[in-house]
Amino acid sequence: MILKLVEPAALKAPSMTLKEYIDTLGRIISKWRTPIIHVRNDRVLEEDVAVFNALAEFGVRYIPVSDTPGEAGEVSLTLLDPFHEVQGNGLRVYDSVVELVSRDTPTPLVKLRSLSNSDVRVWAKLEWYHPFSLSIKDRVAWYMLHRFLERGGRPAKLYEASSTNTGMALVGLGNYHGVKTRIYLPATTQRCVDYVFKAMGAEVVRERTPITISMLSKVLVEAARDNAVVLNQFENDYNFLTHLRYTAKEIDYQLMGKGVKPSVVVAGLGTSGHLSALSFYFKNKYGDVETIGVQPAQGSSIPGIRRVETGVKWLHMVEVDRVVDVRLEEALTGILHVARIDGILPGFSSGAAVYALMRLLNEGSLRGDVVVVFPDHGLKYVELLEMLLAEKCIEESAPGLSHE
Ligand code: PLP
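So, here's what we can say about the structure. Because the structure is a prediction, the values reported are computed rather than measured.

Things to note about helix α5 (residues 165-177)
In this model α5 runs 18 Å from its N-terminal to its C-terminal C-alpha over 13 residues, within 8% of the 18 Å that 1.5 Å per residue would give. Burial analysis of α5 places ten of its 13 residues in the buried class, the great majority of the element. If you check which residues of α5 are buried, you get N165, T166, G167, M168, A169, L170, V171, G172, L173 and G174. In the core, the buried residues of α5 are packed alongside α3 (97-103), α4 (137-150), β9 (157-161), β10 (180-185) and α6 (192-200). Looking one or two residues past α5, G178 carries a phi angle of roughly 70 degrees, positive in sign.

Structure representation (structure tokens):
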């Protein structure tokens, strides 16, 4: 048998649902091997459509094909160069901001002195290294829009409900593509965000609700009335898929470079896009990885994250070990802990994840290499910091920690 490797774009196959996709991809990732795909005249035969779509959406560079029906065999995923998209180009020179947002990978992964000790190394994925919203949401906004444009969509206007970051990324991308944007913000978003959006030329609609997703039905109705497109980060599967294709593979690739694999992954829950994808990827690939979601405690509001019962799509499609509650004041404690020992100032959802880790470290229940995602930077929350610091909300009795 001669193994032929072709680029995914050279083959045609009907698309499929997310459920079919992740069932198939989960099996492929857990073996890190894939069956050979059978083709005739560049069309994937019916029985192999699921495998082809899973590989193509996962972003491998090559697909292993045979035009001899029935010819069996499996190849290692490594042969298909699955990490080619997350390795970046050393020069970091780009022909456009869209190339910048899509190709400037990986974002940094840094070991935190503030949370590491002789048994535990905590690696923070710094997602404020993106050009539009200085947050993890650039990935999602770019990928949702990219896939929409790729299918021939030409939006006249883009409407989106966002607590800040997805909106800011879509405004930037909208400006680049010459598309007008209207962002619906919840009451809890800081006032200064209105001016940032205005400076960018976007329209801002302020709602009374404290939770972003509760604005969705109104946004959909108004968009239908105005002939605007809602990419809809809450339900658009490209949200989850961008983290599977890029964020998860980046972290894996970066840790492989260090010769380690994660024992625990911790991340905040908003749409559930990034935690669900990281959990799916690492649990399938390595099996014994614990994944932990972080949500605001009952009655607390933390920018960027919300409680599971407010409705999250992808968390219910994958396995996640537990979801922990953190209060706003505890998130601040997490921010200040990192800020005063490592010298970087993460945002509030990052601070919440840090606090969850501080508790686990204090219990002595962490070992090995732990990944925590920092979705954005603390400078975005100056109004909230001002309020909380003026009120002296710092928990002076924060869990004591030894560090390297
Ligand atoms: N943290 C911040 C600052 C965010 O903006 C978001 C999402 O908007 C999240 C965390 C949650 O990410 P996800 O929507 O992938 O669950």
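Things to note about the sheet that holds strand β11 (residues 203-206)
Strands in a sheet are paired, the pairing made by backbone hydrogen bonds, and the direction either parallel or antiparallel. Taken together, three strands build an open sheet; the order of strands is β9-β10-β11 and the sheet is parallel. On the outer flanks of this sheet lie β9 and β11, each paired with one strand and no other. Across the sheet, the axes of successive neighbouring strands diverge by a mean angle of 15 degrees, strand direction being ignored. Here β9 runs beside β10; their pairing, made up of five bridges, is parallel. By the bridge assignment for β10, K157 is matched with K180. Of the strands in this sheet, β10 and β11 touch α6, which is tilted by about 175 degrees from β10.

Observations regarding the layout of surface pockets
In this model, the second largest pocket occupies a volume close to 810 Å³. If you trace the second largest pocket, you find 31 residues lining it, with A56, E57, R147, E150 and Y238 closest to the centre. By residue class, the composition of the lining of the second largest pocket is 16 nonpolar, six polar and nine charged.

Considerations on the site of the ligand
Lining the immediate surroundings of the ligand are 15 residues, of which K137, G270, T271, H274 and S349 lie closest. Between the ligand and T271 there is a distance of 2.6 Å, counted from an oxygen atom to a side-chain nitrogen or oxygen. Between the ligand and S272 there is a distance of 2.9 Å, counted from an oxygen atom to a backbone nitrogen or oxygen. Coverage of the ligand by the protein amounts to 97% of the 390 Å² it exposes when considered alone. Residues of the shell around the ligand, tallied by class, amount to four nonpolar, nine polar and two charged.

Notes on the sheet that holds strand β4 (residues 43-44)
Ordered by their spatial adjacency, four strands build an open sheet running β1-β5-β3-β4, and the pairing between neighbours is mixed. Each end of this open sheet is capped by a strand with a single partner; those strands are β1 (4-6) and β4. Alignment of strand β3 (residues 37-40) against strand β5 (residues 63-66), held across two bridges, turns out to be parallel. Paired with I37 across the two strands is V65, which belongs to β5. Contacts from helix α2 (residues 49-58) reach β3, β4 and β5 within the one sheet, and its direction differs from that of β5 by about 155 degrees.

Things to note about the environment of I37
Examined against the element boundaries, I37 turns out to sit in strand β3. A residue is classified by how much of its surface remains accessible, and I37, at 0% relative accessible area, is buried. For the pair I37 and G172, spaced 135 residues apart in the sequence, the C-alpha separation amounts to 40 Å. Excluding residues within four positions of it along the chain, I37 makes contact with V44, D48, V51, F52, L55, I63, P64, V65 and S66.

Cut-offs and rules
Residues numbered from 1 in each chain as written. Predicted model: local features only at pLDDT ≥ 70, side-chain atom pairs only at ≥ 80, totals over all residues. Heavy atoms only, no water. Helix = DSSP H or I, 4+ residues; strand = E, 2+ residues; numbered from the N terminus. Expected span 1.5 Å × (residues − 1). Buried < 20%, exposed > 50% of the residue type's maximum accessible area, 1.4 Å probe, protein only. Contact = heavy atoms within 4.5 Å. Pairing = 2+ DSSP bridges. Axes fitted to C-alpha atoms, helices over the stretch in contact; angles between N-to-C directions. 1 Å grid on protein atoms, 1.4 Å probe; cavity = no way out; pocket = protein on both sides within 12 Å on 5 of 7 lines; lining within 4 Å. Points joined across faces, edges and corners; volume = space filled by probe spheres on them. Nonpolar A, V, L, I, M, F, W, Y, C, P; charged D, E, K, R; others polar. Near = heavy atom within 4 Å. Polar contact = N/O pair within 3.5 Å; in protein donor to acceptor, adjacent residues only side chain to side chain. Areas by Shrake-Rupley, 256 points an atom, 1.4 Å probe, with all protein chains shown as cover.

Taken by themselves, the reported measurements are silent on function.
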